Amino acid sequence: ATAFIPQVVAVPLSVAITISLMAASGFIHPPGAACGMIFISASEEFREMGWAYLIPIMLGCLVCLLMALIVNNALPSRAYPIIW
């Protein structure tokens, strides 16, 4: 359970808040809400990692970005990203 909110409420609440913020900002990626859900519903040992659990997530994002840059810029007729 979390400190103030029961886990049965905290998990869907974290997903709802995350997706709402993504919708408000215009950057929709619903699997991103899974990060909060995993952190809240995980074991105590996992939660003790604190912000360190974001390291593998950020590395995965970096790999995805690098692959997108390589694949989409392999041909001279393609350009990604179009606007930085």
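Conventions we followed
- Residues numbered from 1 in each chain as written.
- Predicted model: local features only at pLDDT ≥ 70, side-chain atom pairs only at ≥ 80, totals over all residues.
- Heavy atoms only, no water.
- Helix = DSSP H or I, 4+ residues; strand = E, 2+ residues; numbered from the N terminus.
- Buried < 20%, exposed > 50% of the residue type's maximum accessible area, 1.4 Å probe, protein only.
- Polar contact = N/O pair within 3.5 Å; in protein donor to acceptor, adjacent residues only side chain to side chain.
- Contact = heavy atoms within 4.5 Å.
- pLDDT = per-residue confidence, 0-100.
- Phe/Tyr/Trp six-rings, centres within 6.5 Å; stacked < 30°, edge-to-face > 60°.

Asker: How should the side chain of Ser14 be read in this particular structure?
Answerer: Inspection of the secondary structure assignment puts Ser14 in helix 1 (residues 7-25). Judged by its relative accessible area of 13%, Ser14 is buried. Here the side chain of Ser14 touches Val11 through a polar contact of 2.8 Å, landing on its backbone oxygen. Setting aside residues up to four positions removed in sequence, Ser14 forms contacts with Gly36, Met37 and Ile40.

Asker: What should I look at first to understand the confidence of the model for the chain in this one?
Answerer: Should the pLDDT be low somewhere, the predicted coordinates at that spot are not to be read in detail. The share of residues in the chain with pLDDT of 70 or more is 94%, and the mean pLDDT across the chain is 83. For the chain, helix 3 (residues 44-47) is the element with the lowest average pLDDT, namely 79, and helix 1 is the one with the highest, namely 89.

Asker: Even after reading the chapter, I still don't get the packing of aromatic side chains, so can you show me in this structure?
Answerer: Given two aromatic rings, one states the distance between the centres and the angle between the planes to describe the pair. Counted by the stated rule, this structure contains one aromatic pair. Both rings, one in Phe39 and one in Tyr53, keep their centres 4.6 Å apart while their planes meet at 25°; by these two values the pair is stacked. Separated by 14 residues along the polypeptide, Phe39 in helix 2 (residues 33-41) and Tyr53 in the loop between helix 3 and helix 4 (54-72) bring together distant segments of the chain. Note on Phe39: relative accessible area 22%, which makes it partly exposed. Accessibility expressed as a relative area gives 13% for Tyr53, which makes it buried.

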